[in-house]
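For reference, the chains in residue letters:
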Amino acid sequence: MSSTSLSRSASSVMLSSPNFLRNVLRVDALSCIACGALQVAFPAAMARLLNLPEPLVAYTGEFLLVYAAVVALVSTRNPLPRSVIWTLVAGNLGWAALCVLLLTSGRVQPTALGVAYVVMQAVTVAVLAELQFFGLRRWGVQATW
């Protein structure tokens, strides 16, 4: 079996997993916890390192922690609530767009590391939104709470 075939087989198994969407939600929550905890624990240091306003770093960190709690809760529901997950998809796409807007607005002049940090967040949440969208379309989870 070629490496391409093996890679496709592994992808097929992962994408066909009944827990695919639930696992994507968990990864979303974990990524928010990682960034949010860092930003809340060290807002002044991160602000200096990234050359971003300290209140922006602190408040977005707090938001990420609250968002992570919501996403983690949603990931435990059975069945997964379709309308809530669509809202999370929209929220992730909005976060990605706001990251791009922040960098292109001219209102901040982040360091190279600051640009990398914001771009990394934008790419991460855009990919998570795409995976959540795929999971919703593939499994058609039921709307309940």
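Quick look at the structure, then. (Residues numbered from 1 in each chain as written. Predicted model: local features only at pLDDT ≥ 70, side-chain atom pairs only at ≥ 80, totals over all residues. Heavy atoms only, no water.)

## Quick look at the overall build of the chain
Along the backbone of the chain there are 6 helices and 0 strands. Element order for the chain, N to C, with α for helix and β for strand: α-α-α-α-α-α. For the chain, buried positions account for 33% of its 145 residues. If you sum the accessible surface of the chain, you get close to 8,400 Å²; carbon and sulfur atoms cover 68% of it. (Helix = DSSP H or I, 4+ residues; strand = E, 2+ residues; numbered from the N terminus. Buried < 20%, exposed > 50% of the residue type's maximum accessible area, 1.4 Å probe, protein only. Areas by Shrake-Rupley, 256 points an atom, 1.4 Å probe, with all protein chains shown as cover.)

## Thoughts on the side chain of Ser-75
Note on placement: Ser-75 falls in helix H4 (residues 54-76). One polar contact links the side chain of Ser-75 to the main-chain carbonyl oxygen of Ala-72, over a distance of 2.7 Å. (Polar contact = N/O pair within 3.5 Å; in protein donor to acceptor, adjacent residues only side chain to side chain.)

## Overview of the packing of helix H2 (residues 20-41) against helix H6 (residues 112-139)
In contact at an axis separation of 9 Å, H2 and H6 are set at 160 degrees when each is read in the N-to-C sense. Here H2 lies roughly antiparallel to H6, going by the angle between them. Between H2 and H6 lies a crossing whose hand is left-handed. Taken together, the residues of H6 that come into contact with H2 (itself represented by Phe-20, Leu-21, Val-24, Leu-25, Val-27, Asp-28, Ser-31, Cys-35 and Gln-39) are Tyr-117, Met-120, Gln-121, Thr-124, Leu-128, Leu-131, Gln-132, Phe-134, Gly-135, Leu-136 and Trp-139. Among the residues making up the contact of H2 with H6, the classes are represented as 13 nonpolar, 6 polar and 1 charged. (Axes fitted to C-alpha atoms, helices over the stretch in contact; angles between N-to-C directions. Parallel < 35°, antiparallel > 145°, perpendicular 65-115°, else oblique. Left-handed = near helix turned anticlockwise from the far one by under 90°. Contact = heavy atoms within 4.5 Å. Nonpolar A, V, L, I, M, F, W, Y, C, P; charged D, E, K, R; others polar.)

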